[in-house]
Amino acid sequence: MEKADIAIIGMEVMGRSLALNMESHGYTVAVYNRTSEKTKTFIETMAKGKNIIATYDLKELVGILKSPKKIMLMVKEGQPVDNFIEALLQYLKPGDLIIDGGNSFFKDTIRRNKMLAEKGILFIGTGVSGGEEGALKGPAIMPGGQKQAYELIERIFKDIAAKAYDGEPCVDYIGPDGAGHFVKTIHNGIEYGDMQLIGEVVWFFKNVGMKADEIADIMAEWNGKDDILRSYLIEITADSMKKKHDGSDEFLVDRVADITRMKGTGTWTVQSALELLVPIPTIAAAVFSREMSQDKDLRLTMAKKLKIRMPQYSGDKNEMIKIAHDALYIAKISSYAQGIALLQAASKAYNFDLNIGRIAKVWRAGCIIRAQFLDEITKAYESEPDLPNLLAAPKFADFVDKNIRKLVNFVEVAHQCGVPALAMSSSLDYILQITSPVMPSAQVSALQRDYFGAHGYFKIGGPNKPELLLNEQGKVREFHTEWLLPGRPEKEITK
Ligand code: NBP
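Parameters at a glance
As a convention, each chain's residues are numbered from 1 in the sequence order in which they are written. The predicted origin of the model limits local features to residues at a pLDDT of at least 70 and limits the giving and counting of side-chain atom pairs to 80 or more, whereas totals for whole chains, interfaces and linings rest on all residues. To obtain the side-chain values, all non-hydrogen atoms of the structure were used and water was disregarded. We call a residue near a molecule or strand as soon as one heavy atom of that residue lies within 4 Å of the molecule or strand. Polar contact is the term for a pair of N or O atoms within 3.5 Å; when the atoms are in protein, one must be able to donate a hydrogen and the other to accept it, and sequence-neighboring residues count only if both atoms are side-chain atoms. Per-residue accessibility takes into account occlusion by the displayed protein chains alone, with areas from the Shrake-Rupley method and a 1.4 Å probe. Secondary structure is summarised from DSSP: a helix means a run of H or I of at least four residues, a strand means a run of E of at least two, and numbering begins at the N terminus for each. Think of it as three bins: nonpolar holds Ala, Val, Leu, Ile, Met, Phe, Trp, Tyr, Cys and Pro, charged holds Asp, Glu, Lys and Arg, and polar takes everything else, Gly as well. Partly exposed describes any residue whose relative accessible area lies between the buried limit of under 20% and the exposed limit of over 50%, with all areas from a 1.4 Å probe on protein chains only and scaled to the type maximum. Throughout, the edges of the domains are those of an automatic or database domain assignment. Each nonpolar core is a collection of buried residues, namely Ala, Val, Leu, Ile, Met, Phe, Trp, Tyr and Cys, held together in the definition by side-chain atoms within 4.5 Å. The criterion used for residue contact is that any of the two residues' heavy atoms lie within 4.5 Å.

Engineer: Help me understand the site of the ligand, please; the structure alone is not making it clear to me.
Structural biologist: Close contacts around the ligand come from 19 residues, with Met-14, Asn-33, Arg-34, Thr-35 and Lys-38 the closest. Asn-33 is positioned with one of its side-chain polar atoms (N or O) 2.6 Å from an oxygen atom of the ligand. Here an oxygen atom of the ligand and a backbone polar atom of Val-75 are 3.0 Å apart. Out of a free accessible area of 900 Å², the ligand has 78% covered by protein chains. Where the shell around the ligand is concerned, the elements lending two or more residues are helix H1 (13-24) and helix H4 (79-89). The residue makeup of the shell around the ligand, split by class, is eight nonpolar, six polar and five charged.

Engineer: Would you mind showing me how to read the pairing of strand E7 (residues 140-145) here?
Structural biologist: Regular strands have side chains that alternate between both faces of the sheet. Of all six residues that make up E7, six are buried, and the element is covered over most of its length. The side-chain alternation of E7 yields two buried faces, one formed by Ala-140, Met-142 and Gly-144 and the other by Ile-141, Pro-143 and Gly-145.

Engineer: I would appreciate a short explanation of the domain arrangement of the protein in the present structure.
Structural biologist: When cut into domains, the protein gives domain 1 (6-177), domain 2 (185-434) and domain 3 (440-493). With centres defined by C-alpha atoms, the gap from domain 2 to domain 3 works out at 38 Å.

Engineer: Please clarify how the nonpolar core should be interpreted in this entry.
Structural biologist: One recurring pattern in soluble globular proteins: nonpolar side chains tend to sit buried together. One finds Phe-205, Trp-222, Trp-363, Ile-377, Phe-410 and Met-424 to be the most contacted residues of the largest nonpolar core, which totals 99 residues. A per-element tally of this core places helix H14 (residues 317-349) first, with 17 residues. Looking at which domains feed residues into this core, each of domain 1 (6-177) and domain 2 (185-434) supplies at least three. The contact partners of Phe-205, leaving out residues within four places of it in the chain, are Met-210, Ile-215, Ile-218, Met-219, Trp-222, Met-320, Ile-321 and Ala-324.

Pasting the structure below:
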C-alpha cells in the first residue's frame, strides 16, 4: 500500500481544507478524526478519488506514514492537543515530527516542545491563518520550533502556502518553541484592531445618514489598486455590506445583531501585553468593544436609563469621507506599531529572535490582515532593523505628521455626534503619548504615589529639560518627600 507523506488529525473545516490543499500539490495525506463519522463523510465526498487515505485509529495512521513521520494536529486548542500528543507518543520514534497547527496558547507550545524534545520527538507549533479559504487555497503559515523540525516540513509548507504578488510563499521559520504561536496570536490581536477600526468608521458613516450600499461604495474605493488602505478586510467590508437580507430590499448588515464573539487570541494578546508591560490600547479597545457588544441586555437597559442626546452631524459629508480615510490609515499605523512593539518585547523576554520585516512579509497574502501596507512595514524594518517604533519609520512618520489632525477631527466629530470610537481614539492617544517627552499625567500620578504610599519619584532636569536626572554612575536618581511632615526637605533615596 502507498505510504502517506503526512498525516492530519482533525477533520473540521481547517484540517479538511489543509488535507485537500496538500493533496492538490502532489502529497499523499492520511487523515484521522476523533469522531470517525467525520472522516468517513470527508472521504466519501470532498476527498473522493483523491490521494487521501482515511484511517480510523492512531496506530493505523502512524503506520501508514513514511519516516520520519509527520503528523499535523488541526484540533481545538488546549486539552485535545495534549491528549493527542500523549496518545501518539507510543507509536513515534526519535526524529519523528508532530505539528500543532491550531490556535494554541504559546506557553503551552513552549511546554510541549520541551517535553517532546526530552523524548527526541520534534515539534512545530504553527499559526495557520486565512480561515477555511486560506487553508484550502493557500494560508499564511507561521511555524515555530526547532530549525531541524522546520526543515522536515519546509517543502510542504512552501508548496501549500499563499504566494505573495512577487511569488514568495507566505511562510517563514519564525523562531524557537512558542515563537510561531505567539506571532499568530499577535497577528489575531492586530486583526481585532483592524476590524474594530473599520467598524467604527463604518458606524460613523451610518450615523451621518449613509446607507449600507453607499458605505460599501466608499469601502470599494478605499480598496482601489493604489489606495493606502487597500486590504482584504476593507474588500470584504465592501462586499458584505451590499448583501441584501433574505431577498428583501433591506441590507443584511442592518439586521445583523451588534454582538461580536471571540475565541481567545485577542484576550491572550492583551494578557501578554499586560505581562510584558507593553501598551496596546487600540487592540485592547477592540477586545473591550467585543466584550461590551456581548452585553446586549445591559446596553438596552442603559439606553433607557441614561438617554445621551447628541446632535446629528450637519457638516460636509464628502469632506468627512476624505478625513475618515486618512484618519483610518493613521489609526491603523498606530495599531500595528503597538502590535509590533509587543512582538519585540516578547522576542526579548522569550528569546524568540523575531525578525519583524520577515514576519510582515509572511502576512502579505493568505491571512486576514493581508494588505499592501505590510510591504511598507517590511521595507521600514529592512532599512532600519532597530527602529524604536513603527511610527518612527520615515514614510509613516511623515504621513502621521502631515495628517494627524484628521484623526483628531474624526474622533472629535464622532464623539460630538454620540458615536463611540474607542479604538480610533486609542490609536490617537497612543501616538500623542509615545511622542510626549513629558507625560503630564504620569508626573501627577508619580507625585500622588509618593504622597500616599512613599513610593518615590524620579526627576527631570527642568521645564525644558525632559531627560531624567542621573547620578555620576549614570543611574537614575530617585527621591521622596515627607508629605505629612511639612518642612522636611525632599530627600534622595539611595539603594
Ligand atoms: P475546531 O476548532 O472546531 O476543532 C474541531 C476538531 O477538534 C475536531 O476534529 C474535533 O473532533 C476535535 N476535538 C474537539 Br472540538 N474536542 C476534542 C477532544 N476533547 N479530543 C479530541 N479531539 C477533539 O476545528 P477548526 O475550526 O477546523 O480549527 C482547528 C484548529 O485551527 C483550532 O485550533 C482553531 O482555533 C484553529 N484555526 C481555526 C480557524 C478557522 O477559521 N476555523 C482559523 C485558523 C486557525 P470531533 O470531530 O471528534 O469533535
